[in-house]
Structures are given as structure tokens and as C-alpha cells.
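Examining the three-dimensional arrangement
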Amino acid sequence: MAAETVTSTDRLRRARFAVAAVFCVHGAVTGSFATRIPWIQEHAGVSAGQLGLALAFPALGASLAMPLAGAVSHRFGARTALRGLLALWTLSLTLPSLAPNVWGLCGALLVYGATAGMSDVAMNALGVETENRLGRSIMSGLHGMWSVGALLGSAAGTVAAHLGGDARLHHLVAALVLTALGLVLCQGVLDVRSTPEEKPPPRFSLPPRSALVIGAIGFCGVFAEGAGLDWSAVYLRDELGSSAGLAAASTTALALTMAVARLAGDRVVDRFGAVRTVRVGGAVATLGGVLVVLAPHAAVAMAGFGLIGLGIAVVVPLAFAAAGRSGPNPSQAIAGVATITYTSGLIAPSAIGGIADATSLVFSFGLVTLLTLGLVLGAGVLGAGEREAASGKPAPAKSAGPVG
């Protein structure tokens, strides 16, 4: 009996490392694409306005396709579904650089976003299942590994761009390498399968009520993240007269604090729980927002953006974890939360710009600060099922299946 327990524990540990590596591969695709956007813009001959239109299509594709992920997992099993969806995502990296014009780019990015969203839901559902069976928090670290992958992908893309490499060749090589890695890594994740009597989830459905409530917390976190990443450099340049280099450093500060906090976040969550962690994080992010709004010079604003990144880092991972514990169909709930957070990421940059045009960037970040305060007030909704998960006993699988 003891030997069986050890074997089961070892399998779960291997599954945890495998799904963490999958998150890293997923992030590397995003980083690889982002660094070559200027090349893609020039190759497709699109204006800045047309590029802005095209860059809305990944979120649109993800929002349309994410509800399908649960049906795919139900039919083929979680491991096979993740293997196929991750391969589609990594291979879709080749499409944007092949686009000959703005409409081709929009189509390519629609597919790129759809495969991103479906694989995102599949890997988060497996991450939640692994967390439940381990009986301790791992979701923050998994999203931290996604950030590591994005940094690695962007580093490789930066080198390729510096060398003047053709993005079509760069993305083909990256796609083949990441696809091969993904196929190997997916062998180690949990193989969760639906029971014969379990009804398949609908292909398209409205998110469950629990996902809407939890998604509201994710919305606040992602909105603050998108506002900070896309507008922090502009804020320092336009509001505080900073140099281009110093302004860009503010974005790096926010991204790095988020990555570090996510990698370290699981220990904090295990000790204090999701609700207290998000409440404290929301307070930290709110303090950061106040510093940004009241900053007399760049150093204070940079510290503020760093605190925003630190405070919101674990919000999305914990929202996915809470969604996975909130009802009988984890994939459907996670897809609902993912749809809301993707929508938040889509509208945040343009909303900040629109508000700034009507008022000022200072006023825009005042509203961001109010959203981070919402994390403090609404964190209690993330406690769904937390007591069972924190008890040290694996939560019962909602879709019982073998661990391969």
C-alpha cells in the first residue's frame, strides 16, 4: 500500500512538472510572436491603425473558440486534447508572418487566437486538476512558468530581429521546436477522462454564474495588467517627461515583478489562502496605483507600476483555480473565466486611451486604482472549495480518470 502511495505521489509530481513545462511552451509562442510584430507589419504593408485592428483578432478568436475546449477534452480525454490543441497553437505561430495584407493578417490572427484560447483552457483545466489531486497550490507557479516562457520566446525573437532574420524562417523553426517539445511534454500530464455516463458539455454556452462572479475579479486584475503593460511607458514619457529608455524600463519593472511574484506565489497561497492573498495583493496594487497617480517624478511612478505588477500577479491563476472548483464542469467554468479575462485584456488598452483622450492619463490610472481596490473588496469569491483544497487531501476529481 505504501509503495502504491509513493508511486501515485511520484506520478503527480511528474504531472506537475510536465504541465508547468507546457505552460512555458505556451508562453514561448506569445513571446516569439510579439517581438516580430514590426517585421510582420512591414511585410504585410499595414498602417498603425490597420495593425491595431488586426491585433484585436487574437482575442476575438480566443473568445469564440474557448467554449469548445471542454467538448474536445470530453471527447478525447484531457491529455490527448491538450496534445492536439497545443500543437495547433504552436504551429499557428507560422501564420501571421505569411500574411500578405491586412485581411490576411486578420485571418491569421483569428486562427492564432482561437488555438491559443482553446489550448489555454485545456492546460489550465489540467493544472487545476493536478492542484486538486496534490492538495496544495500550484496555479500561481504554473502561470509564472508561462511568464518565463514568454520571456524566453521574446529573448530569442529579439536576437533574431537584431540579426535581421526573416520572421517566416524564425517562426517556422520556433514552431517546429515548440511543437516537438509540446508533444513530448504532454505525455507526462494527467490523463483525465470522462465517465461513460457523463454528458458532454455544450459546444457553445453562456458561462455559468459562478464563472461570471469569479471572472469579475479576473477582469479587474487583467485590466490593471493590460493598462500597466501598454501605458506605463507612455505615462512616464507624457506625464513625467521621462526619457524613452527610462519609460521603457517601467514596463520591464511591472513584467518582472509579476513573473517573480507568480513563481513565488504558491507558497504564499498555501500559507495564507487565496482570499487573503488576493486581498493583500489588491491592497499592494492599490498603493501602487496611488503612487502612480500622485507621482512627482519618474522613480515614484516606476515603484508604483512595480507594486501594481506585484499585487495583481496571482489574481488570474487563483481565478482559474477557483473556477475549477466552483462547479461540476471545470473546463466550462474555466472557459467562462478565460473569456472574461481575455475580453478585459482586449478592451483595457483602448479604454485607457479613450478615457485619457477625454480626460487625462492620470485620471485613467485613477480608475485603474479603483479596480485594484475592487480586488480587496471582492476577493472572497475566490474561496470556493478552498477549504477542501487546503486540507492536504486531494479534492475528488470531477471527471474521474486514470493518471497516466
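In this text, all values refer to a predicted model and were calculated from it rather than measured experimentally.

1. With respect to the overall build of the chain
Looking only at helices and strands, the chain features 17 helices and 0 strands. Sorting the 404 residues of the chain into buried and exposed places 50% on the buried side. In the chain, once contacts between residues fewer than 6 apart in sequence are set aside, the share between residues at least 24 apart is 85%. As displayed, the chain has an accessible area near 17000 Å², and 68% of this comes from carbon and sulfur atoms.

2. Brief notes about helix α8 (residues 139-162)
The end-to-end C-alpha distance of α8, which contains 24 residues, comes to 35 Å, matching closely the 34 Å that a straight helix rising 1.5 Å per residue would cover. Residues of α8 that are buried include every one of Met139, Ser140, Gly141, Leu142, His143, Gly144, Ser147, Gly149, Ala150, Gly153, Gly157 and Ala160, and no others. Remark: Gly164 follows α8 within two positions and exhibits a positive phi of approximately 75 degrees.

3. A look at a nonpolar patch on the surface
Taken together, the side chains of Leu91, Leu169, Leu172, Val173, Leu176, Val177 and Leu181 define a hydrophobic patch exposed on the protein surface, amounting to about 620 Å² of accessible area. Examining the composition of the nonpolar patch, we find that 6 residues originate from one element, helix α9 (residues 167-185), more than from any other. Tracing the backbone through its elements, the reader meets Leu172 in helix α9.

4. Overview of helix α4 (residues 57-65)
For α4, every residue scored as buried is listed here: Pro58, Ala59, Gly61, Ala62 and Ala65. In an axial view of α4, the angular spread of the buried residues amounts to 160 degrees, which keeps them on one side of the axis.

5. Let's talk about the nonpolar core
Counting residues in hydrophobic clusters, the biggest one holds 104 residues, and the most contacted among them are Leu82, Leu126, Phe305, Ile312, Phe365 and Leu382. Top element by residues in this core is helix α7 (residues 102-134). It accounts for 15 residues.

6. A closer look at the pattern of salt bridges
Enumeration according to the criterion identifies 4 salt bridges in this entry. Arg262 is paired through a salt bridge with Glu225; the nearest N and O atoms lie 4.0 Å apart. Of this pair, Arg262 sits in helix α11 (residues 244-272) while Glu225 is found in helix α10 (residues 209-240), placing the two residues 37 residues apart along the sequence. Assessed through its relative accessible area of 6%, Arg262 is described here as buried. Ionic pairing is found between Arg237 and Asp238, a salt bridge with its closest N-O pair at 2.8 Å.

7. A look at the confidence of the model for the chain
Averaged over every residue, the pLDDT of the chain is 84; residues scoring 70 or more account for 88%. Per-element confidence in the chain is highest for α9, whose mean pLDDT is 96, and lowest for helix α17 (residues 386-389), whose mean pLDDT is 48. Note on residues 1-6: pLDDT under 50 across the span, and 0 contacts to partners over four residues away in sequence or across chains. This stretch, residues 387-404, has a pLDDT under 50; its non-local contacts, to residues over four places away or in other chains, come to 41 contacts.

8. Focus on the packing of aromatic side chains
One pass over the structure, following the stated rule, counts 6 aromatic pairs. The interplanar angle of 45 degrees and the centroid separation of 4.9 Å between the aromatic rings of Phe33 and Tyr112 together place this pair among those described as tilted. Remark: Tyr112 occurs in helix α7 and Phe33 occurs in helix α1 (residues 2-34); sequence separation between them is 79 residues. Taken individually, Phe33 and Tyr112 each receive the classification buried, so the pair is uniform in this respect. Centre to centre, the rings of Trp89 and Tyr112 are 4.7 Å apart; their planes meet at 50 degrees, and the pair counts as tilted.

9. Description of the packing of α8 against α11
A packed helix pair is summarised by two numbers, namely the angle formed by the two axes and the spacing between the axes. Here α8 crosses α11 at 150 degrees, and the two axes come no closer than 6 Å. Taken together, α8 and α11 sit at an angle that is classed as roughly antiparallel. Where α8 crosses over α11, the two elements pack in a sense that is left-handed. Between α8 and α11, the residues in contact are Met139, Ser140, Gly141, His143, Gly144, Met145, Ser147 and Val148 and Ala259, Ala261, Arg262, Leu263, Gly265 and Asp266, respectively.

10. Side note on the environment of Thr252
Mapping Thr252 onto the fold places it in helix α11. Assessed through its relative accessible area of 43%, Thr252 is described here as partly exposed. The spacing of Thr252 and Phe305 is 53 residues in sequence and 9.6 Å in space, taken between C-alpha atoms.

Parameters at a glance
- Note that residues are indexed from 1 along each chain, following the sequence as it is written.
- Per-residue local features of the predicted model are confined to residues with pLDDT of at least 70, and side-chain atom pairs are confined, for both listing and counting, to 80 or more; whole-chain, interface and lining totals are unaffected and use all residues.
- In computing side-chain properties, one takes all heavy atoms of the structure into account and sets aside hydrogens as well as water.
- Strands here are runs of E lasting at least two residues and helices are runs of H or I lasting at least four, both read from the DSSP assignment and numbered beginning at the N terminus.
- Think of it in three bands: residues with accessible area under 20% of the maximum for their type are buried, residues over 50% are exposed, and the middle band is partly exposed, with areas taken using a 1.4 Å probe on protein chains only.
- Any pair of residues with heavy atoms lying within 4.5 Å of one another is described as a contacting pair.
- For accessible areas, the Shrake-Rupley method is used with a probe of radius 1.4 Å. Any residue's cover is judged against the shown protein chains and nothing else.
- Every helix has an expected span of 1.5 Å times one less than the residues it contains.
- A residue counts toward a patch only above 30% relative accessible area and without a salt bridge, and it is joined to like-charged neighbours within 9 Å or, for Val, Leu, Ile, Met, Phe, Trp and Tyr, to nonpolar neighbours within 5 Å.
- The salt bridge definition used is simple: a Lys or Arg side-chain nitrogen within 4 Å of an Asp or Glu carboxyl oxygen.
- The directions from the helix axis to the C-beta atoms are what the arc is built from.
- Note on terminology: a nonpolar core comprises buried Ala, Val, Leu, Ile, Met, Phe, Trp, Tyr and Cys residues joined through side-chain atoms within 4.5 Å.
- What pLDDT reports is the predictor's confidence in each residue, on a scale of 0 through 100.
- Pairing of aromatic side chains requires ring centres within 6.5 Å, counting the rings of Phe and Tyr and the six-membered ring of Trp. Pairs whose planes differ by under 30 degrees are stacked, by over 60 edge-to-face, and all others tilted.
- Axes, fitted as lines to C-alpha atoms, cover a helix only where it is in contact. Angles between the N-to-C directions of the axes lie from 0 to 180 degrees.
- The scheme is simple: roughly parallel for angles under 35 degrees, roughly antiparallel for over 145, roughly perpendicular for 65 to 115, oblique for anything else.
- A clockwise turn of the near helix away from the far one marks a right-handed crossing, whereas an anticlockwise turn of less than a right angle marks a left-handed crossing.

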